[in-house]
Amino acid sequence: MEQVMTLEVPVHAMADLTRSFTGEVLSASDPGYEAARTIWNADVMRRPALILRCRNAGDVVGALAFARRRGLEVSVRGGGHNIAGTALCDDGVMIDLSLMRGVDVDAARRRAVAAPGATWLDLDGATQLAGLATPGGVVSSTGVAGLTLGGGFGWLSRRFGWACDNLESVELVTADGERIRADEAENPDLFWGIRGGGGNFGVVTSFTYRLHPVSHVYAGFLVYDLARAAAVLRHCHEVMDTAPDTFCMVISIGPPPQQLAWPAGTRVLRVGFCHSGPTEHARLAIEAFTSVHRPEAARYSTIRYGELQTMLDGGARFGLAHYSKSHFLPDLSDEAIETMVEHARRAVSARSRVVLHTCGGMPSRLPADATAFGHRDARYNLQIDATWQPGEDRAREVAWARAFGAAMRPFSNGGVYVNFLSERDDPAGVLAAYQGDRLMRLRRLKTAYDPENIFRHNQNIPPLTADER
């Protein structure tokens, strides 16, 4: 039976908080607490003592001050989609931003300002009304905050850059409660760090994105029998060698698309694609691909970009348990393909999958140190996603993902995507996410902006020790 922690807070302390706090205050005994602590990954079951649901930046300042005065640990929730469940802490205060979901679009300037609780469904819904878009994730329920602060790739990334590359400015609350702005001109060191460094430096309360004219794309998926997976993957690799920046693939081995009525337990190769260039160019490219490898099933056409952004939602619903491993790959050799297909076959849960995201394009032409997010020379990101129903054999699924990850390590560049790290306390993963001198530069920033490591419920970048300063 779960332990329910009750935080004993003096009446005067709660009065100080609620005097200026306009949001909701929830403890474990309150209606709404269980719903508020529910996050995407059902494998994470931490229980905050208090959930402070903020409505504005002033609430964030008040919530943080309250937690610090009481000596309580702090976690921050944006969309609640992080696979390591960093939104939740045990026995501390969760600063919940999910009520702050507003998006303001300036179509003339091609800019959007998103609140930190917004999801990509919120942001895309607002920008698409003006025929505009910014690169986001591939699942619409993902929060804009966590994805952007960790880097953030999606269907448009090869053409316009990662989500963090399209960030123009942020407003945030620092560990000492100061509200500041960061962009290329104001606090540029911090602006470098938050673009890939996650939530280590403060609570971002506003994101300003650059937008691009994208209303419709030529997109969909091709489905192949698993026996043909290796040959099709080799062809995908050849196509991406010369593909324009307007073309992206998200390739997976796992359950068939929910749109297709295939037998339960079937595993297939799914080639999802998006072409955001001229429709005729896109149509010819897909015709050429399918003439070489005719799919068992296919669905594609010219659709609104916002519709594409929900295409993969069915396989990423709330309520399932997840454990992930990832690698950035500099190439996709025949041996890497054979290893990937073989381990994908061994998945026990019918829900588990491996996903190959194509990288390169515009991000690879930016300076290697443009942002705290790196890995710009990688051609692919590999995500191994073990997925099961709560109550099923967790150890078996985690073992599959770990064995798969270990088998693919020889083909990686040594780097990992910080948003795909499953363990919250993972120093080795953090080191692999921030290669070269990045980690030391980030630690210096951490020392400047959060020397007490208040924001540590994340993929933590520790401040410098006294001996290192």
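Look up a bit, the structure's there.
What comes next concerns the included structure.

Reading guide: rules and limits
- Residues numbered from 1 in each chain as written.
- Predicted model: local features only at pLDDT ≥ 70, side-chain atom pairs only at ≥ 80, totals over all residues.
- Heavy atoms only, no water.
- Helix = DSSP H or I, 4+ residues; strand = E, 2+ residues; numbered from the N terminus.
- Rg over C-alpha atoms; globule rule 2.2 N^0.38 Å.
- Buried < 20%, exposed > 50% of the residue type's maximum accessible area, 1.4 Å probe, protein only.
- Areas by Shrake-Rupley, 256 points an atom, 1.4 Å probe, with all protein chains shown as cover.
- Contact = heavy atoms within 4.5 Å.
- Core = buried A, V, L, I, M, F, W, Y, C linked by side-chain atoms within 4.5 Å.
- Polar contact = N/O pair within 3.5 Å; in protein donor to acceptor, adjacent residues only side chain to side chain.
- Expected span 1.5 Å × (residues − 1).
- Arc of directions from axis to C-beta.
- Axes fitted to C-alpha atoms, helices over the stretch in contact; angles between N-to-C directions.
- Parallel < 35°, antiparallel > 145°, perpendicular 65-115°, else oblique.
- Nonpolar A, V, L, I, M, F, W, Y, C, P; charged D, E, K, R; others polar.

Description of the overall build of the chain
Part 1 of the reasoning: Check the secondary structure of the chain and you find 14 helices and 18 strands.
Part 2 of the reasoning: Taking 469 residues into account, the globule formula puts the C-alpha radius of gyration at 23 Å, and the chain, at 22 Å, falls close to it.
Part 3 of the reasoning: Across its three principal directions, the C-alpha atoms of the chain cover 70 × 55 × 45 Å.
Part 4 of the reasoning: Looking at the chain as a whole, 58% of its 469 residues qualify as buried.
Part 5 of the reasoning: For the chain, the exposed area adds up to about 18400 Å²; of that, 51% sits on carbon and sulfur atoms.

Points about the side chain of T148
Part 1 of the reasoning: Topologically, T148 is positioned in helix α5 (residues 144-150).
Part 2 of the reasoning: What makes T148 buried here is its relative accessible area of 0%.
Part 3 of the reasoning: Once you skip the residues sitting within four places of it in the chain, T148 turns out to touch W120, A163, C164, L167, G196, F207 and Y209.

A few points about the nonpolar core
In globular proteins that are soluble, nonpolar side chains generally tend to be buried together.
Part 1 of the reasoning: Core analysis: the largest hydrophobic core is formed by 44 residues, its most contacted members being M249, L269, V271 and L356.
Part 2 of the reasoning: Among the elements that make up this core, the one with the highest residue count is helix α8 (residues 229-242) (six residues).
Part 3 of the reasoning: When sequence neighbours within four positions are dropped, the list of residues in contact with L356 reads L233, M249, V250, I251, L329, L332, M340, Y380, N381 and L382.
Part 4 of the reasoning: In terms of nonpolar packing, the next biggest core, distinct from the first, is built from 39 residues, F201, Y209, A432 and L442 among them.

Considerations on the side chain of N453
Part 1 of the reasoning: Considering the arrangement of structural elements, one finds N453 in the segment after α14 (438-449).
Part 2 of the reasoning: Among the polar contacts listed, one links the side chain of N453 to the side chain of N460, at a separation of 2.8 Å.
Part 3 of the reasoning: Excluding anything up to four places from it in sequence, N453 contacts K446, N460, I461 and P463.

Details of helix α9 (residues 279-292)
Part 1 of the reasoning: Helix length check: α9 (14 residues) gives 20 Å between terminal C-alpha atoms against 20 Å at 1.5 Å per residue, within 8%.
Part 2 of the reasoning: Of the residues making up α9, those classed as buried are A282, I286, F289 and T290. Down the axis of α9, the buried side of the element spans an arc of 90°, and every buried residue falls inside it.
Part 3 of the reasoning: Buried positions along α9 lie against β12 (216-225), α8, β13 (247-254), β14 (268-275) and β15 (297-304).

Notes on the packing of helix α11 (residues 334-345) against helix α12 (residues 394-408)
Part 1 of the reasoning: It is the contact of α11 with α12, at a shortest axis distance of 10 Å, that shows an interaxial angle of 170°. Classified by the interaxial angle, the pair formed by α11 and α12 is roughly antiparallel. Counting all contacts with α11, which are made through A336, T339, M340, H343 and A344, the residues of α12 involved are W400, A403, F404, A407 and M408.
Part 2 of the reasoning: For the contact of α11 with α12, a count of residues per class yields eight nonpolar, two polar and no charged.

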